[in-house]
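# Residue-level structure breakdown
Below, each chain spelled out in residue letters.
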Amino acid sequence: MKGQTLALLAGCAFLAASCCTTKTYTVNAKSGTQTGGTAKFTQKGEEVTMKLEVTNLTPGIHAVHIHEKGDCSAADGTSTGGHWNPAKDDHGKWGAEHFHMGDIGNLTADASGKAVLTFKTNKWCLGCTDESKNIIGKGLIVHASADDFHTQPTGNAGGRVGCVEIK
Ligand SMILES: [Cu+2]
Ligand SMILES: [Zn+2]
């Protein structure tokens, strides 16, 4: 009985270790806003899932990108640099002919300013050695306006209202 319990515990520990890496971060308010929320990243096998929950946005559509630096120190979020673009491609819509590795797209905030976005991809990893995939050390930005998927190199998404340091 004792042996079985130990085997079961060992099995559970193995499953827990092999299942997922999960990291949860805070959304920091930028550009004089009250933006808040959390960004949760989980890697299971080759797939990374992002669950982004944002509060206190203006109702409507807002662009979300991964930017190149995990530094939210500037009041306007510009310390995160431009869009994360390891493949040196053009800005665009995720999955289209041309897009940046950080071009997540848009989310929609409801009348109360809340928005939830779930995004899954096997093009990212959490802390692997492939710098064309690793999102650790990057910054996630929620913008004041929508991404038009067209304007270079930013999508004309306006100011930076929310910022996450993906550490
Ligand atoms: Cu952006
Ligand atoms: Zn882009």
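First things first, this report covers the structure right here in the doc. Because the structure is a prediction, the values reported are computed rather than measured. (Residues numbered from 1 in each chain as written. Chains lettered and ligands numbered in written order. Predicted model: local features only at pLDDT ≥ 70, side-chain atom pairs only at ≥ 80, totals over all residues. Heavy atoms only, no water.)

### Let's talk about the sheet that holds strand β5 (residues 60–67)
Quick reminder of the rule: Any two strands between which DSSP finds at least two bridges are classified as paired. Starting at the N terminus, helices and strands are each numbered in turn, a helix being any DSSP run of H or I of at least four residues and a strand any DSSP run of E of at least two.
The five strands are arranged β2-β9-β8-β5-β6 in an open sheet whose pairing can be described as antiparallel. The two strands at the open ends of the sheet, each matched to only one other strand, are β2 (28–29) and β6 (103–109). Pairing of strand β8 (residues 138–143) with strand β9 (residues 160–166) involves six bridges; the strand directions are antiparallel. Within β9, the position partnered with leucine 140 by the bridge is valine 164.

### Regarding the coordination of the copper ion (ligand 1)
Rule in force here: Shown as donors are all N, O and S atoms within 2.8 Å of a metal ion, widened to 3.2 Å for Na, K and Ca; because water is not in the atom set, sites may appear incomplete. Throughout this description, buried means an accessible area under 20% of the type-specific maximum (1.4 Å probe, protein chains only), exposed means over 50%, and partly exposed covers the range between.
For the copper ion (ligand 1), the protein coordination sphere consists of His65 (ND1), His67 (NE2) and His143 (NE2), at 2.0 Å. Read N to C, the donor residues that coordinate the copper ion (ligand 1) are spaced as H-x1-H-x75-H. Placement of histidine 65 in strand β5 and of histidine 143 in strand β8 is noted, with a sequence separation of 78 residues between them. Neither histidine 65 nor histidine 143 differs from the other in exposure class; each is buried.

### Quick word on the pattern of salt bridges
The line we're drawing: Salt bridges, as used here, are contacts in which a Lys or Arg side-chain nitrogen is within 4 Å of a carboxyl oxygen on Asp or Glu.
Applying the stated criterion across every chain yields a total of three salt bridges. Measuring nitrogen to oxygen at the nearest pair gives 3.9 Å for the salt bridge that ties glutamate 46 to lysine 133. Taken as a pair, glutamate 46 in the loop between β3 (36–44) and β4 (47–55) and lysine 133 in the loop between β7 (115–121) and β8 lie far apart in primary sequence, 87 residues in all. Overall, the relative accessible area of 57% leaves glutamate 46 in the exposed class. In this structure, the salt-bridge partner of lysine 167 is glutamate 165, at a minimum N-O distance of 3.2 Å.

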